[in-house]
Amino acid sequence: MAYREYRPPPGLEPVVACLWENAPATDRAQRVVPDGCVDLIWLADRELVIAGADTGPRIVHLPAGTLSSGIRLRPGAAGGFLGLPASEVRNRHVEAAHVWDDEATRLADALAGATPGRRLELLTATVARRHAAPDPLVAGAARRFAAPGTRVADVAAALGVSERQLHRRTLEAIGYGPKVLARVARLRRLVALAEESLALRALEAGYASQAHMTDEVRRLTGLTPVRFLEDAGLTAA
């Protein structure tokens, strides 16, 4: 088994994008690109970490024969789940004990002695116990940014708030502002398209030009569009 995703448990669909496991057969440098989500991860059979929302690529080194188990929160749910502004873990892998103290220590001890299936249950129970709920305003903004050509000013106006309010709420609930969220949504649209021509694919995804796409893809993934799209696939978010 390599990377595999599972549907969110019943009742947690508004909060959880997916459960997942990753068990590389060989030592792997895993490239993680921004998706607007925060994950709680039992990483490589050794530590409990919170992976904050990224604004650029992250390389995670996974030893062969280890299993990582995680639960991914939907955009907008992180602030309530963490109990602090999600911006405090932006672009970081943070030991969960630094955020939750003894609660995280007890969970890590339980995960260390659990079977793989039981680990996913323990992570799920943690989300349920913390009564995480998405910020409805931020969740609504994320849905609107999923459509091409959406501007921050238009989203704020449609939601009945100022751009400043939208920025503050998005920082707290996701970890970064609405402009970055819009870029991430555009990258996900690019991956989802099947158009062979890069220029047409860029325009359909909502970029102003192929050059605009190239600049943003490099910024978010560290790769050229051609190299990134060779094996890119959408993960749940």
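Here's what I pulled together on the structure shown here. Note that the coordinates shown come from a computational prediction; the quantities given were computed from them, not determined experimentally.

So, the overall build of the protein chain
Inference 1: Each helix and strand in the protein chain was counted, giving 11 helices and eight strands.
Inference 2: Viewed in the frame of its principal axes, the protein chain has a C-alpha envelope of about 50 × 45 × 30 Å.
Inference 3: Relative to its 237 residues, the protein chain shows a buried fraction of 48%.
Inference 4: Once local pairs closer than 6 in sequence are excluded, the contacts in the protein chain between residues at least 24 apart make up 67%.
Inference 5: Accessible area of the protein chain: about 11200 Å², with a carbon and sulfur share of 51%.
Inference 6: In the protein chain, the 30 positive side-chain charges and the 27 negative ones have mean positions that sit 4 Å from each other.

Quick notes on the pattern of salt bridges
Inference 1: Following the criterion strictly, the structure yields 17 salt bridges and no others.
Inference 2: With a shortest N-O distance of 2.7 Å, arginine 169 and aspartate 135 are connected by a salt bridge. Of this pair, arginine 169 sits in helix H7 (residues 163-173) while aspartate 135 is found in the loop between helix H4 (116-129) and helix H5 (136-145), placing the two residues 34 residues apart along the sequence.
Inference 3: With a shortest N-O distance of 3.2 Å, aspartate 154 and arginine 151 are connected by a salt bridge.
Inference 4: What makes aspartate 154 partly exposed here is its relative accessible area of 38%.
Inference 5: A single network of salt bridges, built from pairs that share partners, joins Glu5, Asp35, Asp39 and Arg72.

Some remarks on the state of the cysteines
Inference 1: Counted under the stated rule, the structure contains zero disulfides.
Inference 2: Cysteine 18 forms no disulfide, and the closest cysteine sulfur to it belongs to cysteine 37, at a distance of 7.8 Å.
Inference 3: Overall, the relative accessible area of 3% leaves cysteine 37 in the buried class.

Things to note about the sheet that holds strand E7 (residues 68-73)
Strand pairing in a sheet relies on backbone hydrogen bonds, with the paired strands running either antiparallel or parallel.
Inference 1: Strand order in the open sheet formed by six strands is E1-E2-E7-E4-E5-E8, with antiparallel pairing between adjacent strands. Looking at which strands have only one partner, the edges of the open sheet turn out to be strand E1 (3-6) and strand E8 (93-95). Across the sheet, the mean angle from the axis of one strand to that of its neighbour is 25°, orientation sign disregarded.
Inference 2: Of the strand pairs in this sheet, strand E2 (residues 16-22) and E7 are connected by six bridges, and their pairing is antiparallel. When the bridges of E7 are listed, glutamate 21 appears paired with serine 69.
Inference 3: Each of E1, E2, strand E4 (39-43), strand E5 (47-51) and E7 is contacted by H4, which is oriented at about 30° to E7, the strand it contacts most.

A look at the pairing of E5
Inference 1: Most of E5 sits out of view: four of its five residues are buried.
Inference 2: As paired elements, E4 and E5 share five bridges and run antiparallel to each other. Bridge pairing links leucine 43 to glutamate 47 in E5.
Inference 3: Counting the residues between successive antiparallel strands, the hairpin from E4 to E5 contains three residues, one of them, alanine 44, with a positive phi of roughly 50°.
Inference 4: Of the pairings in the sheet, the one linking E5 to E8 comprises three bridges and is antiparallel in character. Looking across to E8, one finds that alanine 51 is bridged to histidine 93.

What to know about the packing of aromatic side chains
Inference 1: Tallied over the full model, the rule gives two aromatic pairs.
Inference 2: A centroid spacing of 5.9 Å and a plane angle of 35° characterise the contact between tyrosine 3 and tryptophan 20, whose relative ring orientation is tilted. Pair noted here: tyrosine 3 is in strand E1 and tryptophan 20 is in strand E2, with a separation of 17 residues, a long-range link.
Inference 3: With a relative accessible area of 35%, tyrosine 3 lands in the partly exposed category.
Inference 4: When the ring of phenylalanine 81 is compared with that of tryptophan 100, the centres are 5.1 Å apart and the planes differ by 90°; the resulting orientation is edge-to-face. Residue phenylalanine 81 is found in helix H1 (residues 78-82), and its partner tryptophan 100 is found in helix H2 (residues 97-100); the two are separated by 19 residues along the sequence.
Inference 5: The class for phenylalanine 81 is buried, based on a relative accessible area of 1%.

About the cut-offs
Residues numbered from 1 in each chain as written. Predicted model: local features only at pLDDT ≥ 70, side-chain atom pairs only at ≥ 80, totals over all residues. Heavy atoms only, no water. Helix = DSSP H or I, 4+ residues; strand = E, 2+ residues; numbered from the N terminus. Buried < 20%, exposed > 50% of the residue type's maximum accessible area, 1.4 Å probe, protein only. Contact = heavy atoms within 4.5 Å. Areas by Shrake-Rupley, 256 points an atom, 1.4 Å probe, with all protein chains shown as cover. Lys, Arg positive; Asp, Glu negative; His and termini not counted. Charge placed at Lys NZ, Arg CZ, Asp CG, Glu CD. Salt bridge = Lys/Arg side-chain N within 4 Å of Asp/Glu carboxyl O. Disulfide = S-S within 2.5 Å. Pairing = 2+ DSSP bridges. Axes fitted to C-alpha atoms, helices over the stretch in contact; angles between N-to-C directions. Phe/Tyr/Trp six-rings, centres within 6.5 Å; stacked < 30°, edge-to-face > 60°.

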